[in-house]
Amino acid sequence: MIRDTIVRVGVVGAGTWARAAHLPGYRRDPRCRVVAVCDIEIDRARDTARAFDVPTATADAADIFRRDDIDLVDVCTPSHTHFDLAWRALEAGKHVLCEKPVCHDYRDIRRAHELAESKNLKTKVGLTFRYAPAVMYMQALIADGFVGEPYIFNGFEQNYQWIDPETPRRSSTWRTCSSARTSRRSSGPCATSSPSAWCARPTA
Ligand SMILES: NC(=O)c1ccc[n+]([C@@H]2O[C@H](COP(=O)([O-])OP(=O)(O)OC[C@H]3O[C@@H](n4cnc5c(N)ncnc54)[C@H](O)[C@@H]3O)[C@@H](O)[C@H]2O)c1
């Protein structure tokens, strides 16, 4: 069970996404505290620990897995390393948040799911839009049976997460796209990889 008090987090991978999204998120949330950061590039681990006021930096994920004072391991490394790290974290009895994709074979996901269940551990994949209102609405339509049994989903997304909520429709024209890109640069990276594709999509 996750404790009722503060969730103690070990972040594995201190690259772009950990520093731009995960660590700032933890810092904003009083329900958790990052107690260790790991990166095989030890200088990056140390710099990140300093920047986010994390007490421990290490280059070896095993240091995180073996600690008793870590409840949750956040796997934020390159994709090909996700499954091994997530699996080892589960084996060590940690709850796991893993960046997408966890692996490339759904049977591995099933194995990991079974391992987590057998140890009463929680798991989650870092899907950026899980809690976006449009995605939650779509999920509700499916759950209510409104669309019947879905076989395929086609959608367009506009990634607003780094745009100022005071002016959320700034990206509806080329000119405003341009200023949105400026805002994106100053705030952090956007999950949509191509700025031109980003701008070409209609505002919802
Ligand atoms: N959910 C989203 O919207 C979203 C957005 C961006 C990135 N991602 C995912 O996040 C992950 C990380 O992306 P990124 O852009 O930060 O990559 P990155 O290359 O900037 O950072 C990865 C870091 O992990 C470190 N690393 C590699 N192997 C390691 C290991 N075994 N143990 C500890 N550290 C290790 C690297 O040294 C590097 O610093 C990727 O899987 C990517 O797909 C998800």
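Bear in mind that the values here come from a model prediction, so they are computed numbers and not experimental data.

S.K.: So what about the confidence of the model for the chain? Which residues, and what values?
M.R.: Per-residue pLDDT for the chain averages 81, and the proportion of residues at 70 or more is 75%. Segment residues 170-204 is flagged for pLDDT under 50; beyond a separation of four residues in sequence, or across chains, it makes 42 contacts in the model.

S.K.: Go over helix H6 (residues 133-143) with me, naming the residues and quoting the values.
M.R.: For H6, the tally of buried residues reaches only 0 of 11 residues, placing the bulk of the element at the surface. At the C-terminal side of H6, Gly 145 shows a positive phi close to 80 degrees.

S.K.: Pulling in residues and values, what's your account of the nonpolar core?
M.R.: With 35 residues, the main nonpolar core has Val 11, Val 12, Val 37, Val 73, Val 75 and Ala 86 as its most contacted residues. If you list the elements that add at least two residues to this core, you get strand S1 (7-12), helix H1 (16-28), strand S2 (32-38), helix H2 (42-51), helix H3 (61-65), strand S4 (72-75), helix H4 (82-91) and strand S5 (95-99). Ignoring sequence-local partners within four residues, the contact set of Val 11 consists of Ala 18, His 22, Leu 23, Val 34, Val 37, Cys 38, Asp 74 and Cys 76.

S.K.: Account for the pairing of strand S6 (residues 123-126), with residues named and values stated.
M.R.: Look at any regular strand and the pattern is simple: side chains alternate between the two faces of the sheet. Two strands pair when backbone bridges link them, and S5 and S6 are joined in this way by 4 bridges, in the parallel orientation. Bridge assignment links Val 96 to a residue of S6, and that residue is Thr 123. Taken together, S5, helix H5 (residues 106-118) and S6 form a β-α-β motif whose crossover is right-handed.

Rules used in this analysis
- Residues numbered from 1 in each chain as written.
- Predicted model: local features only at pLDDT ≥ 70, side-chain atom pairs only at ≥ 80, totals over all residues.
- pLDDT = per-residue confidence, 0-100.
- Contact = placed C-beta atoms within 7 Å.
- Buried ≥ 20, exposed ≤ 12 C-beta atoms within 10 Å, placed from the backbone.
- Helix = DSSP H or I, 4+ residues; strand = E, 2+ residues; numbered from the N terminus.
- Core = buried A, V, L, I, M, F, W, Y, C linked by C-beta atoms within 7 Å.
- Pairing = 2+ DSSP bridges.
- Right-handed = clockwise from strand over helix to strand, strands pointing away.

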